[in-house]
Every structure is written in structure tokens, then in C-alpha cells.
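# Working through the structure, step by step
If you want the building blocks of each chain, they are given just below.
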Amino acid sequence: MKLILLGPPGAGKGTQAKMLTDLFNIPQVSTGDILRAAVKEGTPMGVKAKGFMDAGGLVPDEVVVGIVRERLQKPDCAAGFILDGFPRTVPQADALKDTLAELGKDLDAVISLEVDSEALVERLTGRRTCRDCGRGYHIKFDPPRVAGKCDACGGELIQRDDDKEETIRKRLEVYQSSTEPLISYYRKAGLLGTIDGMQDIQVVKKEILAALSVA
Ligand code: AP5
Ligand code: MG
Ligand code: ZN
């Protein structure tokens with residue numbers, strides 16, 4: 001299964017990608033996660049990316065295209081992958097097409113998760129992530145059993161630096177201007193499936209599986 005999860009910040013791309021990863025036994029390729037890891041490690045790429053990310057803007061296309069190109073060649077992507085947060089611009093989508101052609105691979109589907117803007121702000125301001133294992137939560141919609149602690153590993157739950165309301169608004173604007181055009185891009189390519197992302201997490205998952213005809 002070679003899949004793209006498309007959708008605005010907070011649509012549930014990461015939440016669904018993690019569940020699909022377990023189900024299909026293929027990796028989640030999240031450019032956001034890869035960039036955050038680089039920022040944490042202080043690599044040259046991370047240092048460069050941090051400013052764009054903190055401002056809610058996009059990291060330059062050549063940087064993320066390079067990351068994904070390298071990642072998709074790793075052996076664990078041989079059976080498939082779930083792209084989460086990439087591509088985000090038309091040039092990134094074109095570059096992905098070239099990379100996949102070089103690797104002799106084809107996309108199976110692009111799933112677009114649709115969620116209202118106001119709901120996105122509430123989801124992102126309430127999001128928490130485990131510092132140790134990266135598992136995601138929401139203080140209202142998907143709370144941990146013990147407040148502030150990860151169910152899976154007991155790690156401390158933290159908030160992402162870019163999940164402040166002002167930065168969230170900027171990220172939503174950037175999504176509309178740079179990423180939304182990919183919906184028609186992939187519709188024209190005959191790959192697009194649209195899911196109502198306002199539904200419960202488990203219902204969204206079920207509908208994705210139905211759209212992929214593997215339910
Ligand atoms: P990235 O990490 O990709 O962030 P994003 O696209 O803004 O998306 P999020 O991770 O915020 O949302 P999500 O859809 O994964 O939602 P989640 O499942 O967590 O990118 C961060 C930054 O890196 C970018 O701003 C940019 O600077 C840079 N970057 C990354 N990729 C790039 C690229 N390709 N090009 C250039 N720059 C790039 O869910 C959110 C919350 O809602 C959670 O708390 C969850 O529990 C809850 N939730 C999920 N589903 C539901 C539901 N159905 N109902 C209720 N609550 C739900
Ligand atoms: Mg995410
Ligand atoms: Zn954890």
C-alpha cells in the first residue's frame with residue numbers, strides 16, 4: 001500500500017497514519033516528525049528548518065524533497081508507506097512523481113481528510129504528544145488515562161512548539177494557499193478519496209479502510 005494522507009494541520013493525518021502503520025505493517029513517513037527530530041538533534045538541516053516551522057511556514061521544497069527521496073529508498077518502504085504531511089506543494093507532488101517513477105513505484109491512493117477550521121484550532125491547542133514514544137493524545141477527544149502521562153510508556157506529555165493559536169492560524173493559511181491545490185491535482189490523477197474527518201477517530205479509520213477497499 002502506497003498512500004498519501006492529505007489534510008490541514010490537525011486533520012488527523014498522524015493519528016490515522018499510526019493506526020494504518022500497525023494494520024498494514026508499513027512505515028509512516030511524516031516529514032513533520034523527521035524535521036522535528038532534526039531540530040531536536042540540532043543537525044544543520046534542523047537548525048535551518050526551525051525558523052520556518054516556528055513561524056508556521058513551510059520548509060523549502062528542496063529540503064523536504066531530499067528527505068523523502070532518501071526515506072523512500074530505505075528497505076522498510078519496499079512493501080509500501082504512508083506519507084503524512086508530504087507533499088504539501090505542487091512542486092513537491094511533481095518531485096514525488098519523479099522519485100516514484102525512478103523507483104518503479106506507483107501511488108495507490110490519496111486520502112483527503114476534511115475538517116472545519118474552528119475544529120482544527122481546538123484539536124491543535126488540545127493536542128499532547130509523549131516526549132518518549134511520540135504517541136499522540138487530545139486532552140478532550142483522546143485523553144490519556146492519567147493526565148499528563150502516556151498510557152503506553154508513562155512518558156511526560158508535551159505540547160508542540162507550533163501549537164500556539166497564532167502559529168496555528170498561520171499554518172492554516174499556508175495550507176489553504178500552498179497545499180489545498182493538491183486536492184484537485186490528485187483528483188485529476190484519479191487517485192483522490194475524500195473522508196469526513198469531523199467524525200470520531202475510529203469512524204474515520206473505518207472509512208479510510210473502506211475507501212481503500214480493504215475493510
Ligand atoms: P506537520 O508535523 O506535518 O504538521 P501539520 O501538517 O501542521 O499537521 P499536524 O501534525 O499538526 O496535524 P495532523 O493532521 O497530523 O493531526 P493529528 O493526527 O496530530 O508539519 C509541521 C511543520 O513542519 C510545518 O508547519 C512545516 O513548517 C514543516 N513541514 C512538514 N512537512 C513539510 C513539507 N512537506 N514541506 C514543507 N514544510 C514541511 O491530530 C491533531 C489532534 O486532534 C490530536 O490531538 C488528535 O488526538 C486529535 N484528533 C485526531 N483525529 C481526531 C478526530 N477524528 N476527532 C477528534 N480529535 C481528533
Ligand atoms: Mg501530524
Ligand atoms: Zn509514550
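Before reading on, note that the structure itself is shown above.
Notes on the structure in this doc start here. (Residues numbered from 1 in each chain as written. Chains lettered and ligands numbered in written order. Predicted model: local features only at pLDDT ≥ 70, side-chain atom pairs only at ≥ 80, totals over all residues. Heavy atoms only, no water.)

## Structural notes on the sheet that holds strand β7 (residues 157-158)
Note: strands within a sheet are paired through backbone hydrogen bonds, in either parallel or antiparallel orientation. Keep this limit in mind: Between any two strands, at least two bridges found by DSSP are needed for them to pair. Secondary structure follows DSSP: runs of H or I at least 4 residues long count as helices, runs of E at least 2 residues long count as strands, and numbering of each begins at the N terminus.
Strand order across the open sheet formed by three strands is β6-β5-β7, with antiparallel pairing between neighbours. The open sheet has two edge strands with one neighbour each: β6 (136-138) and β7. Where strand β5 (residues 127-130) meets β7, two bridges bridge the pair, whose relative direction is antiparallel. Pairing of T129 across the sheet is with I158, part of β7.

## Overview of helix α2 (residues 31-41)
What counts is decided by this rule: Three exposure classes are used, based on accessible area relative to the maximum for each residue type with a 1.4 Å probe and protein chains only: buried under 20%, partly exposed in between, and exposed over 50%. As used here, the arc is the angular range of directions from the helix axis to the C-beta atoms. In this description, contact between two residues means that some pair of their heavy atoms is separated by no more than 4.5 Å.
All of the buried residues along α2 are T31, G32, L35 and A38. Each buried residue of α2 sits inside an arc of 125° when the element is viewed along its axis, so together they form one side. Those residues of α2 that are exposed and angled more than 90 degrees off the buried face are K40 and E41. Check the buried side of α2 and you find it contacts β2 (28-30), α3 (44-54), α4 (61-72) and β3 (81-84).

## Side note on the site of ligand 1
Let me state the cut-off plainly: We define proximity as follows: a residue is near a molecule or strand when any one of its heavy atoms falls within 4 Å of that partner. Method for areas: the Shrake-Rupley scheme with a 1.4 Å probe, in which residue coverage is limited to the protein chains shown. Gly is placed with the polar residues, together with every amino acid not listed as nonpolar (Ala, Val, Leu, Ile, Met, Phe, Trp, Tyr, Cys and Pro) or charged (Asp, Glu, Lys and Arg).
In the region of ligand 1, 34 residues are neighbours, and T15, G57, R88, R127 and Y137 sit closest. Protein chains bury 95% of the 1,000 Å² of accessible surface belonging to ligand 1 in isolation. Elements with a minimum of two residues in the shell around ligand 1: α1 (13-24), α2, α6 (117-125) and β6. No other element matches α2, which puts four residues into the shell around ligand 1. The residue makeup of the shell around ligand 1, split by class, is 13 nonpolar, 12 polar and nine charged.

## Topic: the pattern of salt bridges
We apply this condition: The rule for a salt bridge is simple: a side-chain nitrogen of Lys or Arg has to be within 4 Å of a carboxyl oxygen of Asp or Glu.
Inspection of every chain in the model, using the stated rule, returns 13 salt bridges. K2 is paired through a salt bridge with D108; the nearest N and O atoms lie 3.9 Å apart. With K2 in strand β1 (residues 2-6) and D108 in the loop between α5 (90-103) and β4 (109-114), this residue pair connects regions lying 106 residues apart in the sequence. For K2, a relative accessible area of 18% puts it in the buried group. For R169, the salt bridge identified is with E118, shortest N-O distance 3.3 Å. Of this pair, R169 sits in helix α7 (residues 165-179) while E118 sits in helix α6; the two residues are 51 residues apart in sequence, bridging distant segments of the chain. Relative accessible area serves as the criterion here: at 33%, R169 is assigned to the partly exposed category. Here the residues in one salt-bridge network are R127, R160, D162, D163 and R171, joined through shared partners.

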